[in-house]
Amino acid sequence: MEETGLSLSSPNSISQSPVPGPSGDSHKAFPKLQNDTFLRAAWGEATDYTPVWCMRQAGRYLQEFLATRAGQDFFVTCRSPETCCELTLQPLRRFPLDAAIIFSDILVVPQALGMQVAMVPGKGPTFSSPLREEQDLDRLQTSVDVGKELGYVFQAITLTRHQLAGRVPLIGFSGAPWTLMSYMVEGGGSNTMAQAKRWLYQWPKASHRLLGLLTDVLVPYLVGQVAAGAQALQVFESHAGHLGPELFSEFALPYIREVAKRVKAGLREAGLEPVPLIIFAKDGHYALEELAQSGYEVVGIDWKVNPALARERVGESVTLQGNLDPCALYASKDKIGELVEQMLAAFGPRRHIANLGHGIYPDMDPAHIGAFVEAVHLHSRRLRNN
């Protein structure tokens, strides 16, 4: 299969053979960043073109991903820094993306709290003992040493920063408290999230207790990712669409805000440089204004949101990220170029990071991912020159 973008023989190419994990203070000697376009756009600075990356850019649509993961349990993969590094780098070898995102999963946090979860083929994440009643909260670890429980994520980030060799910035991430709670209560995916919403209505105090416990773990986890080498952080509120404005305002938004506030304070206390924070609340269109004022530099929007209207609603104080319909990548390469041109015109040349409105699907043609990335670079430069 023909590769696009990064040449493996280039002096700036990304190594295919991760070096042994760094130790001691070696993380302080990260290679100099060569392409900071993504970071400058996130901070609201002018850029020569619109930067682009894709959610789930390391995934099953790549044959090399399937080969690397063949026969290996998903969460065993997540606990291997070397494998996570390799999977993170794979799309960068194919496409001229402007950012990498560490390969991991949002559900490592419930695991750190003592819950058992497996990735079941054909079904997805499955918890062996979900939180069914409020007294089930007593089963959770209330004090989590993130360095001990999630140190493998930090190791993967540090290793990947070195292996990226400064090519592009590295993004760390986590799920937001409500999204993590919904998985922990439902025991997996759900079309309605009825069991999780039942908690919100029947046991609001217990729900806030759980959301607060998750926040207390997420803050040091995200700060730790920056300490390990992450240069931006994205928080996924993947299940915002299951909440209406009232429930979102009571059970999701306060914790989204708290995470941002406390992470920024934690970075200052640790003597770390600030990094841009991204909030992506899928189907959270009803709360765009609130999200824009929640302490994040970037607000991701899904493909159901009109970019021009989103800009009107949030103003110029934040960068918007998104939002091509992932299914548009099934179109011809010429059509993808047309759709990208329309998307870029709707967002405008400032304060925009191009992305899909959700993640890449497993059956997508990698060549069409490349067409998307190249179209963003081509048409965004044209937009700025006109």
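Look up: the structure comes first, before these words.
Just so we're clear, the structure is a prediction, and the values are computed from it rather than from any experiment. One numbering rule holds for all chains: residues counted from 1, following each sequence as written. Residue-level local features of this predicted model are given only where pLDDT is at least 70; pairs of side-chain atoms are given and counted only at 80 or more, and the full residue set underlies all totals for whole chains, interfaces and linings. Neither water nor hydrogens contribute to the side-chain values; these are computed over all heavy atoms in the structure.

1. Thoughts on the pattern of salt bridges
Put simply, a salt bridge is a Lys or Arg side-chain nitrogen that is within 4 Å of an Asp or Glu carboxyl oxygen. Following the criterion strictly, the structure yields 13 salt bridges and no others. The closest approach of N and O atoms between Arg93 and Glu86, which form a salt bridge, is 3.0 Å. Three exposure classes are used, based on accessible area relative to the maximum for each residue type with a 1.4 Å probe and protein chains only: buried under 20%, partly exposed in between, and exposed over 50%. Residue Glu86 is classed as buried on the basis of its relative accessible area, which comes to 14%. Between Arg262 and Glu258 there is a salt bridge, and its shortest N-O distance comes to 3.9 Å. Note that Arg262 and Glu258 are positioned in helix H12 (residues 253-269) at a spacing of four residues, about one turn of the helix. The class of Arg262 is partly exposed, set by a relative accessible area of 28%. Here the salt bridges share partners, and the residues they tie into one network are Asp216, Glu258 and Arg262. For the purposes of this entry, the term helix denotes a DSSP run of H or I that reaches at least four residues, the term strand denotes a run of E that reaches at least two, and both are numbered from the N terminus.

2. Remarks on the packing of helix H8 (residues 177-186) against helix H9 (residues 194-202)
An axis is simply a line fitted to the C-alpha atoms; with a helix, the fit covers only the stretch in contact. Between two such axes, the angle follows the N-to-C directions and lies from 0 to 180 degrees. Where H8 meets H9, the axes come as close as 8 Å, and the angle between the chain directions of the two elements is 110°. Between H8 and H9, the angle is such that the two are roughly perpendicular. Considering how the two elements wind past one another, H8 and H9 form a crossing that is right-handed. Seen from H8, the contacting residues are Trp178, Met181, Ser182, Val185 and Glu186; seen from H9, they are Ala194, Gln195, Ala196, Lys197, Trp199 and Leu200. Three classes are used, and their members are as follows: Ala, Val, Leu, Ile, Met, Phe, Trp, Tyr, Cys and Pro are nonpolar, Asp, Glu, Lys and Arg are charged, and the others, Gly among them, are polar. In terms of residue class, the contact of H8 with H9 is built from seven nonpolar, two polar and two charged. Just so you know how the angles are binned, under 35 degrees is roughly parallel, over 145 roughly antiparallel, 65 to 115 roughly perpendicular, and the rest oblique. Crossing chirality is assigned from the near helix's rotation relative to the far helix, an anticlockwise turn below a right angle marking it left-handed and a clockwise turn marking it right-handed. Contacts between residues were defined by any pair of non-hydrogen atoms, one from each residue, lying within 4.5 Å.

3. So, the nonpolar core
Buried Ala, Val, Leu, Ile, Met, Phe, Trp, Tyr and Cys residues form a nonpolar core when they are joined through side-chain atoms within 4.5 Å. In terms of nonpolar packing, the biggest core is built from 134 residues, with Phe248 and Phe372 touching the most fellow members. Sorting elements by how many residues they give to this core places helix H10 (residues 204-228) first, with 13 residues. Excluding residues that lie within four positions of it along the chain, Phe372 makes contacts with Val52, Cys54, Leu324, Leu329, Ile336, Val340, Met343, Asn355 and Leu356.

4. Focus on the side chain of Arg311
Mapped onto the elements of the fold, Arg311 is located in helix H14 (residues 307-314). Buried and without a salt bridge, Arg311 has Glu316 as its closest oppositely charged side chain, separated by 4.3 Å. If we skip the residues at most four places from it in the chain, Arg311 touches Glu316, Val318, Thr319, Leu320, Arg350 and Arg351. All tallies of charge rest on Lys and Arg as positive and Asp and Glu as negative; His and the ends of each chain are not included.

5. Here's the deal with the sheet that holds strand E6 (residues 277-281)
Sheet strands pair by backbone hydrogen bonding; their relative direction is either parallel or antiparallel. A sheet is described by the order of its strands in space; here seven strands give the open sequence E1-E4-E5-E6-E7-E8-E9, paired in parallel fashion. A strand with exactly one partner marks an edge of an open sheet, and here the two such strands are strand E1 (100-101) and strand E9 (352-356). Sitting on the sheet, H12 is in contact with strand E5 (232-237) and E6, with an inclination near 170° to E6. Should DSSP find at least two bridges between two strands, the strands are regarded as paired.

6. Notes on helix H15 (residues 333-347)
Under the convention used throughout, the expected extent of a helix is 1.5 Å for every residue step, that is, one less than its residue count. The end-to-end C-alpha distance of H15, which contains 15 residues, comes to 21 Å, matching closely the 21 Å that a straight helix rising 1.5 Å per residue would cover. Residues of H15 that are buried include every one of Ile336, Gly337, Val340, Met343, Leu344 and Phe347, and no others. Along the long axis of H15, the arc covered by the buried residues comes to 125°, so they all point the same way. Seen from the open side of H15, the exposed residues pointing more than 90 degrees away from its buried face are Asp334, Gln342 and Ala345. In this structure, the buried side of H15 is in contact with H14, strand E8 (319-324), E9 and helix H16 (366-385). To obtain the arc, one takes the directions from the helix axis to the C-beta atoms.

Geometric values such as these leave the question of function open.
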